[in-house]
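What follows is each chain in one-letter form.
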Amino acid sequence: MSRKTVKTYCRFCHAYCPMVATVEDNRLTDLQPDTDNVVYGGYTCPKGRQMIEQIDHPTRLQQSVKRTADGGFAPVASAQALDEIAARLAAILAEHGPRSIASYNGTYSFQNSASHDVTRAFHAAIGSPSYYTSITIDQPAKVAIGAARMGWWNAGGHMWSDANVAFIIGNNTLVSHFSIPGGIPSFSPHNALREGKQRGLKLICMDPRRTEVARRADLHLQVRPGHDAAVLASMIRLILEENRHDAAFCAEHVTGLDELFAQLAPFTLEQVAAAAGISAAQIAEAARLFAAGPRGTAVTGTGPEMGPHPNLLQHLVQVINVICGRCNRAGERLPNPGVLAPPSIPRAQATGPQPQWLAEGVRSRVSPEVGEVMVLTPYGPKPEMPTALLSDEILTPGDGQIKALICVGGNPLLAFPDQQKTQRALAALELLVCIDIKLSATAQMADYVLAPKVCLERDDVTLLTDIWHDRPYSQYTAKVVDAEGDKIEEWELFWELAQRLGLQLTIGDEPIDMAHKPSKQALLELITRGSRVPLADIRAADGGQVFDVPDVIIAPADPATAQRMQLFPPGLATELAAALADTAAAGNPDYPLLLVSRRMKNTYNSTGPELSLLGSKGTTNPAYLNPGDLAACGAADGDLVEVRSAHGAIPAVATASDDIRPGVVSMSHCWGGSPDPAAGSDSRVREIGSNTNRLIDNRANAERYSGMARQSCIPVAIRKLN
Ligand SMILES: Nc1nc2c(c(=O)[nH]1)N[C@H]1C(S)=C(S)[C@@H](COP(=O)(O)OP(=O)(O)OC[C@H]3O[C@@H](n4cnc5c(=O)[nH]c(N)nc54)[C@H](O)[C@@H]3O)O[C@H]1N2
Ligand SMILES: Nc1nc2c(c(=O)[nH]1)N[C@H]1C(S)=C(S)[C@@H](COP(=O)(O)OP(=O)(O)OC[C@H]3O[C@@H](n4cnc5c(=O)[nH]c(N)nc54)[C@H](O)[C@@H]3O)O[C@H]1N2
Ligand code: SF4
Ligand SMILES: [Mo]
């Protein structure tokens, strides 16, 4: 018997915790935290530790399948499936043109470090702009629109590791393991938070729930959902009024400050506090604490980004950071210049707004105000079509209508706003192909479901998190075990289809070998060519490392190229007026509660409940309510209730929680099954949960530029079910 231990990292979520795997005769027999790792200190979570079970789990698709005439599925060799899919794509391409072929790249496409580059290369080769990812139903304001409207600081913002203050707005990293730099680091977040508090960092948290983060905060603003932008506006107003901002920095690097200040006049502490259900004193304290810094960043998470006014909120969060001067300066050392990014030395200067990114890209066919958004990456801006409108793009007839969808590691039927419409759209496709480890709710509607390798069966490198760390950290993992049977990686799906369609794929300007399929390693070499640390050095390291890269000292501004960040871009006045009007609006008596989103510890969107340990912690997504609200509808803890919005109704298991602000219902997304009554999803709510996207109209409050749907802060009513 052969037995070895190897270092690897978890890709169940994007925290990429380092692990040590024990392999006996190509079987994974043990998975332990890598306690030697300096960044993570041996941190892992129960989800990652379930990966052993995932490999052989009975729900795992061990072989690709295709739909049969009687509506079932039959096994198919992946090569045959790819031949057939390629032939159907060729026909659709010939009849309907390139735009009719779309891909949706969901959560698990991000975990394969070669997936996105090859998928984008495929789109470029066929000339299809219909490239969609979960980013645009997640946080498009943060990753795309905010920078296009205001511009950005080339040398980046303050990180957590030397901050004096952090303002965390609707982001619960202790559960989600997700934050952008400046917030609580996604990597071993409990340790990072403890370390920060020990050095005296002041934590401000704004969340309608007393979350894991809120409980540890110095100041918790337990807001009524939906008023974050107004709260930020009143904080900025106070900071400017009391001259607590960095006036010298603003004089040199921003424009529009006076116009913005003038527009903020109506956002008085009293009016905003009354609407947000907190005290004026708390808002003032938060503003003064944040402005005192002197170092530290305000960040948002998905809660408010899915609520009302996300573009405005994102802009105001950028504004509060910039006016308080939370930008790295000339002469300072960049904490993490990036390991896999190409070397460069940033200058202490701004790049101005890029309005063309919001106006000139490919437009949505269903809403011309909305179009491609430019996601900023270390390799430059990259366009994506807005996922919130993907169902409409499939359902709307005419030139460019989407006819074929390739769904990579995503689950649209559970994840997209307006579940009923999503179901109609998926059913209307001529061709739906999924690559998924299980017959997910979406895969059950597919023509072909390809069986992928799971992460421990693949080589990967920590490309996604490269610049999220506050040190130059990276890890390469070789596959830990060989996948059994006929399984492919996500990128191989696109390479194989391209080869069959006679296409040449390129990454950057470099062609991919189309005659012989490249190894994953060769592909990653191509993707990361020119990286600050050569991939070979990262591969040679024993596990994840902080690399000893030469210090990058931020260069002074170049007056010839320095621009200014625009604090008062076109359209902002209208957005401010709308947020202000909301502070005076009466609630809807028919739907007196507000439904907000949350993450649950033991699942990852729709992945996890099938695994034994994770499933044992609960098989449903409860509707968490304040005990007073629960009593008011005559229900007790554990009863079934109906959650009804203007758009739909779902059953849910009511759960009392003191942590929830009265008037708020907190429920997780991506649970439940098909909305088709014949599927009987509702009667199984205790076993499979229920889908909050049935309560959401994806067009009712579509956000400018991104079409972002309001997926949180939904007015609902609750009644007890018998
Ligand atoms: N365990 C686990 N981890 C995950 C996921 C998962 O499903 N499970 N999903 C992953 C994904 S895809 C993502 S994008 C990240 C997201 O990571 P986070 O953004 O950290 O997501 P949440 O933990 O839901 O935190 C959002 C918070 O916003 C609050 N909130 C809701 N509405 C409002 C509002 O109007 N205002 C304010 N201020 N707060 C509000 C909610 O109460 C909640 O605490 O997590 C990732 N990590
Ligand atoms: N109402 C509401 N809706 C929301 C949200 C919300 O907060 N509220 N959150 C939104 C957010 S932030 C996001 S990111 C989206 C999530 O949107 P999606 O990414 O579309 O949804 P997931 O459930 O993460 O889908 C992941 C799929 O990948 C499969 N999978 C698991 N492991 C692997 C693997 O190794 N390889 C492959 N190929 N497949 C694998 C799983 O079985 C599952 O079907 O949902 C969004 N929808
Ligand atoms: S936090 Fe958990 S699921 Fe995420 S990478 Fe770490 S062990 Fe894996
Ligand atoms: Mo997400």
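Brief notes about empty space enclosed by the protein
This structure, assessed with the given rule, holds six cavities of 30 Å³ or more. The calculated volume of the largest cavity comes to roughly 100 Å³. Lining the largest cavity are 13 residues, and of these C10, C13, A15, C17 and C45 sit closest to its centre. Taken together, the residues of the lining of the largest cavity sort by class into nine nonpolar, three polar and one charged.

Examining the packing of helix α14 (residues 310-323) against helix α22 (residues 572-584)
One can describe the packing of α14 onto α22 by two numbers: an axis separation of 10 Å at closest approach and a directional angle of 105°. With respect to α22, the element α14 is oriented roughly perpendicular. Contacts between α14 and α22 involve N311, L312, H315 and L316 on the former and, on the latter, L572, E575, L576 and A579. When grouped by side-chain class, the residues that make up the contact of α14 with α22 number five nonpolar, two polar and one charged.

Concerning the environment of P208
Secondary-structure assignment places P208 in the loop between β10 (202-206) and β11 (219-221). Discounting chain neighbours no more than four positions away, the residues touching P208 are Q222, V223, P225, D659, I660, R661 and V664.

Observations regarding the layout of surface pockets
There is about 770 Å³ of room inside the second largest pocket. Taken together, 31 residues line the second largest pocket, and the ones lying closest to its centre are N588, L594, C713, I714 and P715. Elements represented by at least two residues in the lining of the second largest pocket include exactly α22, β27 (593-598) and β32 (714-720). Its residues assigned to classes, the lining of the second largest pocket shows 18 nonpolar, nine polar and four charged. Three or more residues apiece are contributed to the lining of the second largest pocket by two domains, here domain 3 (140-333 + 565-572) and domain 4 (587-720).

A few points about the site of ligand 3
By nearness alone, every residue bordering ligand 3 is listed as C10, F12, C13, A15, Y16, C17, M19, T44, C45, K47, G48 and H177. In this structure, ligand 3 is accommodated by the largest cavity. Classifying every residue of the shell around ligand 3 by side-chain character gives eight nonpolar, three polar and one charged.

Side note on the state of the cysteines
Counted according to the given criterion, the structure contains zero disulfides. As a non-bridged cysteine, C250 has C324 as the owner of its nearest cysteine sulfur, 8.2 Å distant. A relative accessible area of 3% places C250 in the buried class. Left without a disulfide partner, C633 is nearest to the cysteine sulfur of C713, which lies 20 Å away.

Observations concerning the domain arrangement of the protein
Domain annotation of the protein identifies domain 1 (3-55), domain 2 (65-130 + 385-546), domain 3 (140-333 + 565-572) and domain 4 (587-720). Here the C-alpha centroids of domain 1 and domain 3 sit 35 Å apart. Listed per partner, the contact involves eight residues of domain 1 and nine residues of domain 3. Both faces combined, the contact of domain 1 with domain 3 buries some 660 Å², and carbon together with sulfur accounts for 60% of it. It is H14, Y40 and Y43 in domain 1 that bury the most area against domain 3; as a group they hold 62% of the surface buried on that side. In this assembly, domain 1 and domain 3 are joined by zero salt bridges.

Brief notes about helix α18 (residues 419-428)
Turning to α18, its buried residues number three or more, namely Q419, K421, T422, Q423, A425 and L426. The inward-facing, buried residues of α18 abut α16 (390-395), β17 (404-408), α17 (412-415) and β18 (431-435).

Side note on unusual backbone geometry
In the segment running from G293 into P294, the intervening peptide bond is cis, with an omega of 5°. By secondary structure assignment, the location of P294 is in the loop between α12 (280-292) and β13 (296-300). The phi torsion at D418 lies on the positive side, around 70°, for a residue other than glycine. Locating D418 in the fold gives a position in the loop between α17 and α18.

Thoughts on the side chain of N411
Along the chain, N411 turns up in the loop between β17 and α17. Taking the relative accessible area as the measure of exposure, N411 reaches 7% and is therefore buried. Beyond its immediate stretch of four places on either side in the chain, N411 contacts Y104, S440, A441, T442 and S606.

Focus: helix α5 (residues 140-150)
Most of α5 is tucked away, with 10 of its 11 residues classed as buried. Residues of α5 that are buried include every one of P140, A141, K142, A144, I145, G146, A147, A148, R149 and M150, and no others. Residue G151 follows α5 closely and has a positive phi angle near 90°.

Here we look at the sheet that holds strand β2 (residues 18-24)
As summarised here, the arrangement of the three strands in space is β1-β2-β3, forming an open sheet in which the pairing is antiparallel. Two strands close off the open sheet at either side, each with one partner strand: β1 (3-9) and β3 (27-33). Pairs of neighbouring strands in the sheet enclose a mean axial angle of 25°, with direction left out of account. Relative to β3, β2 is paired through six bridges, and the arrangement is antiparallel.

A short note on the packing of helix α3 (residues 78-96) against helix α19 (residues 490-500)
Relative placement of two packed helices is described by the angle separating their axes and the distance separating the axes. At a minimum axis distance of 9 Å, the contact between α3 and α19 shows a crossing angle of 60°. Accordingly, the angle class assigned to the pair α3 and α19 is oblique. In this structure, α3 meets α19 at a crossing whose hand is right-handed. Residues A79, L82, D83, I85, A86 and L89 of α3 touch α19, and the partners they reach there are L493, E496, L497 and R500.

Considerations on the pairing of strand β31 (residues 664-668)
In terms of residue burial, β31 counts as a mostly covered element, since five of its five residues are buried. Here β31 shows a buried face lined by V664, S666 and S668 and a second buried face lined by V665 and M667. Where β27 lies against β31, five bridges are found, and the strand directions are parallel. Following the sheet pairing, R598 is matched in β31 by S668. Across two bridges, the pairing between strand β28 (residues 623-625) and β31 is antiparallel. If you follow L625 over to β31, its bridge partner there is V665.

A word on the site of ligand 2
The environment of ligand 2 is made up of 30 residues, and the closest members are Y104, T107, A415, D436 and S606. Contacts to ligand 2 include G409, whose backbone N or O atom sits 3.3 Å from an oxygen atom. One of the side-chain nitrogen or oxygen atoms of E490 is found 2.8 Å away from a nitrogen atom of ligand 2. Contact with the protein chains covers 97% of the free accessible surface of ligand 2, which is 920 Å². Classifying every residue of the shell around ligand 2 gives 10 nonpolar, 15 polar and five charged.

So, how was this worked out
Residues numbered from 1 in each chain as written. Chains lettered and ligands numbered in written order. Predicted model: local features only at pLDDT ≥ 70, side-chain atom pairs only at ≥ 80, totals over all residues. Heavy atoms only, no water. 1 Å grid on protein atoms, 1.4 Å probe; cavity = no way out; pocket = protein on both sides within 12 Å on 5 of 7 lines; lining within 4 Å. Points joined across faces, edges and corners; volume = space filled by probe spheres on them. Nonpolar A, V, L, I, M, F, W, Y, C, P; charged D, E, K, R; others polar. Axes fitted to C-alpha atoms, helices over the stretch in contact; angles between N-to-C directions. Helix = DSSP H or I, 4+ residues; strand = E, 2+ residues; numbered from the N terminus. Parallel < 35°, antiparallel > 145°, perpendicular 65-115°, else oblique. Contact = heavy atoms within 4.5 Å. Domains from an automatic or database assignment. Near = heavy atom within 4 Å. Sits in = over half its atoms within 2 Å of the grid points. Disulfide = S-S within 2.5 Å. Buried < 20%, exposed > 50% of the residue type's maximum accessible area, 1.4 Å probe, protein only. Buried area = accessible area lost by both parts, 1.4 Å probe. Salt bridge = Lys/Arg side-chain N within 4 Å of Asp/Glu carboxyl O. Pairing = 2+ DSSP bridges. Left-handed = near helix turned anticlockwise from the far one by under 90°. Polar contact = N/O pair within 3.5 Å; in protein donor to acceptor, adjacent residues only side chain to side chain. Areas by Shrake-Rupley, 256 points an atom, 1.4 Å probe, with all protein chains shown as cover.

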